[in-house]
Amino acid sequence: MTHYFWVDLAVAPAMTMLIAAVATGRPAVLVRLLTARPVRSLGGFSYSLYLIHLPIVLAVIRRVAPHFVSPGLPTFGFTLIVALPVSVLGAWLFARIFEIPFKGNRSWKSMIALGRSHWTGRSTRDLQRL
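Just so it is clear, the model here is predicted, and its values are computed rather than measured.

Caption draft 1: Inspection of the environment of Ile 56 at higher detail. By the secondary structure assignment, Ile 56 is in helix α4 (residues 46-64). When the C-alpha positions of Ile 56 and Val 86 are compared, they lie 7.5 Å apart, and in sequence the two are 30 residues distant. Apart from residues no more than four positions distant in its own chain, Ile 56 is found in contact with Ala 83, Val 86 and Ser 87.

This is the structure:
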C-alpha cells in the first residue's frame, strides 16, 4: 500500500496543473469537451455517482466477474464494461429520486407539499390555501 503514496505524489501536481489550465481556458479542445452537453449532464448528478459507484463496482468485481472471466486484466475489462454503465444509470436514478428533489426543496415541509401536489394534481399554492 505504500506505493500509492508515490503515485499520489506524482499525480496530484499533474492534476493541479490540468485544472489550472482548464480554468484559464488554455486547452480549447479540452474546454470544449468538458462543456459538451453529455459531460455537463453527467456533472448534474456527479455527486450521486460519487456516492453509489463503489458498491456497484465491488458487486461486479466480487459477485459477477468471477462467474464470467478469469482474474487479472480480464476482470478489470469486464468490470469496466459492466460497472460503468450500471453506475451511471444507477446514479442518474438515485439523483432523480433523492438528490434533485432535495436541491429544489430545502425542507421536509416543501418536499411534502410537492409530493401532495404531484399526487393530487393541484399546485402547491392551491394546497397552501386549503
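Don't stop here, the text continues.
Caption draft 2: Fine view of the packing of α4 against helix α5 (residues 73-104). Where α4 meets α5, the axes come as close as 8 Å, and the angle between the chain directions of the two elements is 140 degrees. By the angle between their axes, α4 is oblique relative to α5. Note that α4 runs across α5; the crossing there is right-handed. Between α4 and α5, the residues in contact are Tyr 47, Ser 48, Leu 49, Leu 51, Ile 52, His 53, Ile 56, Val 57, Val 60, Ile 61 and Val 64 and Phe 78, Thr 79, Val 82, Ala 83, Val 86, Ser 87, Val 88, Gly 90, Ala 91, Phe 94, Ala 95 and Glu 99, respectively. Of the residues contributing to the contact of α4 with α5, the split by class is 17 nonpolar, 5 polar and 1 charged.

Caption draft 3: Inspection of the nonpolar core at higher detail. Phe 45, Leu 49, Ile 52, Ile 56, Ala 91 and Ala 95 form the largest nonpolar core, which has 6 residues in total. Breaking this core down by element, the ones donating at least two residues are α4 and α5. It is α4 that contributes the most residues to this core, 3 residues altogether.

Caption draft 4: Quick look at the packing of aromatic side chains. Summed over all chains, the structure comprises 4 aromatic pairs. Measuring from ring centre to ring centre gives 5.0 Å for Phe 5 and Trp 6, while their planes differ by 80 degrees; the resulting arrangement is edge-to-face. Taking 5.0 Å as the distance between ring centres and 45 degrees as the angle between the ring planes, the aromatic pair formed by Phe 94 and Phe 98 counts as tilted. With a gap of 4 residues between them, Phe 94 and Phe 98 both fall in helix α5, about one helical turn apart.

About the cut-offs
- Residues numbered from 1 in each chain as written.
- Predicted model: local features only at pLDDT ≥ 70, side-chain atom pairs only at ≥ 80, totals over all residues.
- Heavy atoms only, no water.
- Helix = DSSP H or I, 4+ residues; strand = E, 2+ residues; numbered from the N terminus.
- Contact = heavy atoms within 4.5 Å.
- Axes fitted to C-alpha atoms, helices over the stretch in contact; angles between N-to-C directions.
- Parallel < 35°, antiparallel > 145°, perpendicular 65-115°, else oblique.
- Left-handed = near helix turned anticlockwise from the far one by under 90°.
- Nonpolar A, V, L, I, M, F, W, Y, C, P; charged D, E, K, R; others polar.
- Core = buried A, V, L, I, M, F, W, Y, C linked by side-chain atoms within 4.5 Å.
- Buried < 20%, exposed > 50% of the residue type's maximum accessible area, 1.4 Å probe, protein only.
- Phe/Tyr/Trp six-rings, centres within 6.5 Å; stacked < 30°, edge-to-face > 60°.

These figures capture arrangement, not role.
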